[in-house]
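Reading the structure
Read off the chains here:
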There are 2 protein chains.
Amino acid sequence: MELVESVRKQVAANRFPPKGAILVVAVSGGVDSVALLHILLPLAGHYSWRLVVAHLNHKLRQEAKRDAQFVEQLAQQLGLKFVGGTAEVRREAKSCKLTLEEAGRTARYRFLRRVASRYRAAAIVMAHTADDQAETIVMNWLRGAAVRGLAGMRGLERGIWRPLLGVEKRALQRFAKEYKLAYREDRSNRELNYTRNQIRHQALPLLERINPGLRNMLLRSATTFAALEDFVAQMVKDVFHKLAIKGRGRISFHRAAFSKLHAFIQDELLLYAIEYILGSRQGFKKVHISEMRRVVDSPKKVSSKQLPAKLFLIKTCDKITISRYRPKNL
Amino acid sequence: MELVESVRKQVAANRFPPKGAILVVAVSGGVDSVALLHILLPLAGHYSWRLVVAHLNHKLRQEAKRDAQFVEQLAQQLGLKFVGGTAEVRREAKSCKLTLEEAGRTARYRFLRRVASRYRAAAIVMAHTADDQAETIVMNWLRGAAVRGLAGMRGLERGIWRPLLGVEKRALQRFAKEYKLAYREDRSNRELNYTRNQIRHQALPLLERINPGLRNMLLRSATTFAALEDFVAQMVKDVFHKLAIKGRGRISFHRAAFSKLHAFIQDELLLYAIEYILGSRQGFKKVHISEMRRVVDSPKKVSSKQLPAKLFLIKTCDKITISRYRPKNL
């Protein structure tokens, strides 16, 4: 029961989830999520949580239906509420030009959020392990992620709780064996994600030959990067709300104040302004940041630049502005 | 001559090195450093620089002496000052418990700094390429480096200038071929550094199969991480000099002000205080930061903790202190 004890300590330290909370547990039927469910059971008794078992059928494989039935029966046996859903992942991937893995993940999170909202849940609980975390960090790093990606998945973030992020998959397998838990082979993940498989079976083993302590190092670094990201995000938010002049579809900064800031924060502020106007910074890449930098740093007193999503960066004598509206006379 | 032109642009953009500067060029005799020397020559004419060719003999291989002679003759032919040195790298590695590669690098930088100081040089110029940079970043990442390591080598830092950091080794090989430059096979690097070789020949090719744009991505990210590191370093320094109460062998912070800071900055401030007292933060690892965190966060009003290098962290009712002196009555 040491796994139960370690999760209990986590709950006590975070003071989360609160007593009496409703928790939506994402259960695929694989060993990780089945173990998670059984680790949560005694804690649910202790903290008076109500567990809702949620399962999304991606309809990608023949066994998918039997996986769903397995999870539904498991919930029944344990006396827990079951909520099933289906997604046409293959069709969504095609129509949205996503990989199957991306489409699957999007559909899964959308489903879980919907269930959580319907039950007014305090959190969605997911069974991601230390192995998943290490793979995710390597994958993010290979994709060119900055601090946010290197921080990996968070233990507690935007309504999602991942209590097993520090636990190795091996430990969950031992737990399942010890308590004779039945589970389904989790083949979907394995087949769905080509990059993750390359990382799991090729990259990580090779990199671990170079540094045998790699996994632990990645998990430790993730904590540092998470703290750094957190700090930078808070700092940027503070500076933004102190300096930004908010107009309809536009955000301006006084040039004098803006120019005193570190270039790094200037970039982050412009991105924050874009997110503030559009609700997202999707579609903005390093190349756009470089373009904005050039406008900001150029010796020209007045200039402008069109950005993605029909936004404009406008430099006038006294202001730097991100705007939905085409600048006049520039 | 496009390589010459690209370096010239760099000089113009950075306004460095200044006209008439003395530059110590590190020349191993391999293709990179020989190309570097020939790229610098026309610029030296244009900017009235005086180039000093420096070569350190590591005495690790039979050919080492001939490498030194080759570089000396090259300098002579070009009418440049030559400064040679020797190091007993094998002996130093043994006595200081370093790998050959670490001992070699330490000896090399020490030699170059000595030459630079003797000639009152504006900078040491090194031939590190984009390939070296990518390898260094992967190596740092595998070692668990944080932002500083992911920023890789800097183009201009503490008296060292690396004008070829954005240039691929291939381009230098083409340059050498085009201008029929003679150079020596650079075998020392290849044999000396086991980890770097694993990264060059195994890890990078595998990772590039997963993300074919990996190298460029690493170089772009390095710029972001460099800006971030720069920002954090400046920020920590500013906060330190604003808040630190400096005593003999001790640095204190008022607890009220300290506790208002983000945990990330608190950690960095404590490390900065350690560096301020000792002149270095060597020997302080993540585990020591965690220990300090526990003292700072503990509900106890008064407590203390011994740290490496005979330092103490002391928490009193109103102050957090890093001190050389054992706390009394705690």
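Because the structure is predicted, anything quoted here is derived from the model rather than measured. Going along each chain's sequence as written, the residues are numbered from 1 onward. Following the order in which they are written, the chains are lettered starting with A and the ligands numbered starting with 1. Local features in this predicted model are restricted to residues of pLDDT 70 or higher, and side-chain atom pairs are both shown and tallied only at a pLDDT of 80 or more, whereas totals for entire chains, interfaces and linings draw on every residue. Each side-chain value is derived from all of the structure's non-hydrogen atoms; neither hydrogens nor water enter the calculation.

**Observations regarding the relation of the copies chain B and chain A**
- Mapping chain B onto chain A leaves a residual RMSD of 0.1 Å; the transformation is a rotation of 180° accompanied by 0.1 Å of translation along its axis. Overall, the copies show the geometry of a two-fold rotation axis. Closest approach to the rotation axis among the C-alpha atoms of chain B is made by alanine 203 of chain B, whose C-alpha sits 3.8 Å away.
- Throughout, a contact is declared for two residues whenever any of their heavy atoms are within 4.5 Å. Of all interface residues in chain B, 97% are interface residues in chain A too; the two copies therefore contact each other through one and the same surface. To superpose the copies, least squares is applied to the C-alpha atoms of every residue with a pLDDT of at least 70 in both.

**Concerning the sheet that holds strand β5 (residues 156-157) of chain B**
All names here are of chain B.
- Here, a strand pair is defined by DSSP locating no fewer than two bridges between the strands. Elements are defined by DSSP. Helices are runs of H or I of four residues or more, strands are runs of E of two residues or more, and each kind is numbered from the N terminus. Spatially, six strands are ordered β3-β2-β1-β4-β6-β5 in an open sheet, and the strand pairing comes out mixed. Since the sheet does not close on itself, it has two edges, and those belong to β3 (81-86) and β5, each with one partner.
- In terms of strand pairing, strand β1 (residues 22-26) meets strand β4 (residues 123-125) through three bridges, oriented parallel. In the sheet register, valine 24 faces β4, and the bridge partner there is isoleucine 124.
- With respect to the sheet, helix α2 (residues 31-47) is in contact with β1, β2 (50-57), β4 and β6 (160-161), its orientation differing from that of β2 by roughly 165°. Axis definition: a line fit to C-alpha positions, over the contact stretch in the case of helices; interaxial angles, taken between N-to-C directions, run 0 to 180 degrees.

**Looking at the nonpolar core**
- For this analysis, a nonpolar core means a set of buried residues of the types Ala, Val, Leu, Ile, Met, Phe, Trp, Tyr and Cys, connected via side-chain atoms within 4.5 Å. Exposure categories follow from relative accessible area, calculated using a 1.4 Å probe and restricted to protein chains: below 20% of the type maximum is buried, above 50% is exposed, and the middle band is partly exposed. Counting residues in hydrophobic clusters, the biggest one holds 101 residues, and the most contacted among them are Ile322 of chain A together with Ile322 of chain B.
- Look past the residues within four positions of isoleucine 322 of chain B in its chain and what remains in contact with it is Gly249, Arg250, Ile251, Leu270, Ala273, Ile274, Ile277, Met292, Leu307, Leu311, Phe312 and Leu313 of chain B.

**Here we look at the interface of chain B and chain A**
- Contacts between the two partners involve 36 residues from chain B and, on the opposite side, 35 residues from chain A.
- Here's the idea: put two parts together, see how much 1.4 Å probe accessible area each one loses, and the total over both is what we call buried area. In this assembly, chain B packs against chain A so that about 3,200 Å² is buried in total across both faces, 80% of it on carbon and sulfur atoms.
- Salt bridge, as used here, is a side-chain nitrogen of Lys or Arg placed within 4 Å of a carboxyl oxygen of Asp or Glu. There are zero salt bridges connecting chain B and chain A.
- Sorting the residues of the side of chain B that touches chain A by element identifies α6 (130-142), α7 (147-150), α10 (194-210), α11 (214-243) and α13 (263-278) of chain B as the ones contributing at least two each.
- Considering every element that reaches the side of chain B that touches chain A, the biggest residue donor is α11 of chain B, with 13 residues.
- Partitioned by chemical class, the residues of the side of chain B that touches chain A number 23 nonpolar, nine polar and four charged. Lys, Arg, Asp and Glu make up the charged group, whereas Ala, Val, Leu, Ile, Met, Phe, Trp, Tyr, Cys and Pro make up the nonpolar group; the residues left over, Gly among them, are polar.

**Some details on the UniProt feature "transmembrane region" (unreviewed entry) in chain A**
- UniProt positions are given in the numbering used here, feature names are shortened, and annotations may be inferred rather than shown by experiment. Summarizing the sequence annotation, UniProt attributes the feature "transmembrane region" (unreviewed entry) to residues 20-41 of chain A in the numbering used throughout.
- From the first C-alpha to the last, residues 20-41 of chain A spans 13 Å; its make-up is 50% helix and 23% strand.

**A closer look at the packing of aromatic side chains**
- Pairing of aromatic rings covers Phe, Tyr and the six-membered ring of Trp, with a centre-to-centre limit of 6.5 Å; geometry is then stacked below 30 degrees between planes, edge-to-face above 60, and tilted otherwise. One pass over the structure, following the stated rule, counts 17 aromatic pairs over all chains.
- Ring plane angle 45° and centroid distance 5.0 Å describe the contact between phenylalanine 175 of chain B and tyrosine 179 of chain B, whose orientation is recorded as tilted.
- With relative accessibility at 34%, the residue tyrosine 179 of chain B sits in the partly exposed group.
- Summarising the aromatic geometry, the rings of phenylalanine 240 of chain B and phenylalanine 253 of chain B are spaced 6.1 Å apart at their centres and angled 70° between planes, so their arrangement reads as edge-to-face. Of the two residues, phenylalanine 240 of chain B sits in helix α11 while phenylalanine 253 of chain B sits in strand β8 (residues 250-254), which places them 13 residues apart along the sequence. The exposure classification of phenylalanine 240 of chain B matches that of phenylalanine 253 of chain B, with both residues buried.
- The rings of Phe240, Phe253, Phe258, Tyr272 and Tyr276 of chain A are connected pair by pair, giving a single aromatic cluster.

**A word on helix α10 (residues 194-210) of chain A**
Residues and elements named next belong to chain A.
- Expected helix span is taken as 1.5 Å per residue step, with the number of steps being one fewer than the number of residues. A rise of 1.5 Å per residue sets the reference length of α10, with its 17 residues, at 24 Å; its end C-alpha atoms lie 23 Å apart and thus fit the reference within 8%.
- One axis is fitted to the seven residues ending at the residue and one to the seven starting there. The bend at that residue is the angle between these axes. The sharpest bend along α10 comes to roughly 40°, located at alanine 203, with the proline proline 205 sitting one to four residues further on.
- Looking only at α10, the buried set comprises Arg196, Asn197, Gln198, Ile199, Ala203, Leu204, Leu206, Leu207 and Ile210.

**Observations concerning the pattern of salt bridges**
- If you walk through the whole model with that rule in mind, you get 38 salt bridges over all chains.
- One salt-bridge network, in which partners are shared between bridges, spans Arg61, Glu63, Asp67 and Arg184 of chain A.

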